[in-house]
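Residues per chain, in single letters:
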Amino acid sequence: MQVFCDFDGTISIEDATDMVLTRFAGSEWEDIEQLWKQGQIGSGECMRRQIALIEANRGELDRFLDTLAIDPGFEAFLSFCRRGELPVTIVSDGVDYFIRRILARHGIEGLPIVANVLTCSVSQGRESYSLFPPFTATGCVSGAGVCKCRVVDSNDLQVYIGDGRSDFCVSDKVDLVFAKAKLVDYCEENGIPYVGFADFSDLLPKMEAVLPSVERRSRTLPHFKTA
């Protein structure tokens, strides 16, 4: 069994990329965001164009990332998964460097992370940033930099945890979905079974209760809603 988990807004309290852009990019990033929301560009192109707007040196970026919080229940969740020998992979359409930095600040290292790769170059004393997908996502219906459907494509039983738009297309391709925020609405609208949760402290007892039945019942799972 494999556990896959989104990062921004799921593990992190706020969307790390949006927070960085708000702090270090001009308002143009929000115009690009609107193009994505209107379906005029894919999320991969949206992110690449936005990241190029960042004006900060690495020290400034690191100091800001160190202020961003994660869900306080996430470490207990990881401990539960380790005890049960359930491998956890973070799969995000966000930025690998941001994720690693934030987790390391909270003492969490060594988790497999699939996310867009941040590169930095220096010209005339000024740092600039570029974003590259971790693999070619040719044919991804959402135009994502990270095609989550490809990441979870295996024969193992799969648990997926997420909250937003980047999780929509993968939610009907796994055995068990834990959902909050916009992902709950999407699952409701599309008849996708899910277990609702508010945070990882809320998720953990629900996972303990549901997982024993997953192997027996596979995709025929109970339908929970967040209280």
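Structure: see above.
Residues numbered from 1 in each chain as written. Predicted model: local features only at pLDDT ≥ 70, side-chain atom pairs only at ≥ 80, totals over all residues. Heavy atoms only, no water.

> Let's hear about the overall build of the protein: which residues, and what values?
Of regular secondary structure, the protein possesses 10 helices and 7 strands. Relative to its 227 residues, the protein shows a buried fraction of 50%. Counting contacts in the protein only where the partners sit at least 6 residues apart, residues at least 24 apart contribute 59% of the total. For the protein, the accessible surface area stands at approximately 10900 Å², while carbon and sulfur atoms represent 47% of it. (Helix = DSSP H or I, 4+ residues; strand = E, 2+ residues; numbered from the N terminus. Buried < 20%, exposed > 50% of the residue type's maximum accessible area, 1.4 Å probe, protein only. Contact = heavy atoms within 4.5 Å. Areas by Shrake-Rupley, 256 points an atom, 1.4 Å probe, with all protein chains shown as cover.)

> Lay out unusual backbone geometry with the relevant residues and their values.
Not every positive phi belongs to a glycine, and E85 is a case in point at roughly 55°. Along the chain, E85 turns up in the loop between helix 5 (74–83) and strand 2 (88–95). Residue E85 is classed as exposed on the basis of its relative accessible area, which comes to 69%. With a phi close to 55°, A181 is a non-glycine residue in the positive phi region. Here A181 shows up in the loop between strand 6 (176–179) and helix 8 (182–190).

> Describe the packing of aromatic side chains, with residues and values.
One pass over the structure, following the stated rule, counts 6 aromatic pairs. When the ring of F74 is compared with that of F200, the centres are 5.1 Å apart and the planes differ by 70°; the resulting orientation is edge-to-face. Linking F74 in helix 5 with F200 in helix 9 (residues 200–210), this pair joins segments that are 126 residues apart in sequence. For F74, a relative accessible area of 0% corresponds to the buried category. Its relative accessible area of 0% is what places F200 among the buried residues. Here the aromatic residues F74, F77, F197 and F200 are joined through ring pairs into a cluster of three or more. A cation sits over an aromatic face here: R58 above Y97, 4.6 Å from the ring centre. (Phe/Tyr/Trp six-rings, centres within 6.5 Å; stacked < 30°, edge-to-face > 60°. Lys NZ or Arg CZ within 6 Å of the ring centre and 35° of its normal.)

> I'd love a proper account of the environment of Y160, names of residues and values included.
Secondary-structure assignment places Y160 in strand 5 (residues 158–162). Sequence separation between Y160 and A179 is 19 residues; the distance between their C-alpha atoms is 8.3 Å. Beyond its immediate sequence surroundings of up to four residues, Y160 is in contact with F4, D6, V91, K148, V152, D167, V170, V174, L176, V177 and F178. A polar contact is formed between the side chain of Y160 and the side chain of K148, at a distance of 3.0 Å. (Polar contact = N/O pair within 3.5 Å; in protein donor to acceptor, adjacent residues only side chain to side chain.)

> I'd like a rundown of the pattern of salt bridges, residues and numbers included.
As enumerated under the stated definition, the model contains 8 salt bridges in all. When the shortest N-O distance is used, the salt bridge between K206 and D202 registers 3.3 Å. Taken together, the residues K206 and D202, both in helix 9 and 4 residues apart, mark about one turn of the helix. Through salt bridges with shared partners, a single ionic network connects D6, K148 and D167. (Salt bridge = Lys/Arg side-chain N within 4 Å of Asp/Glu carboxyl O.)

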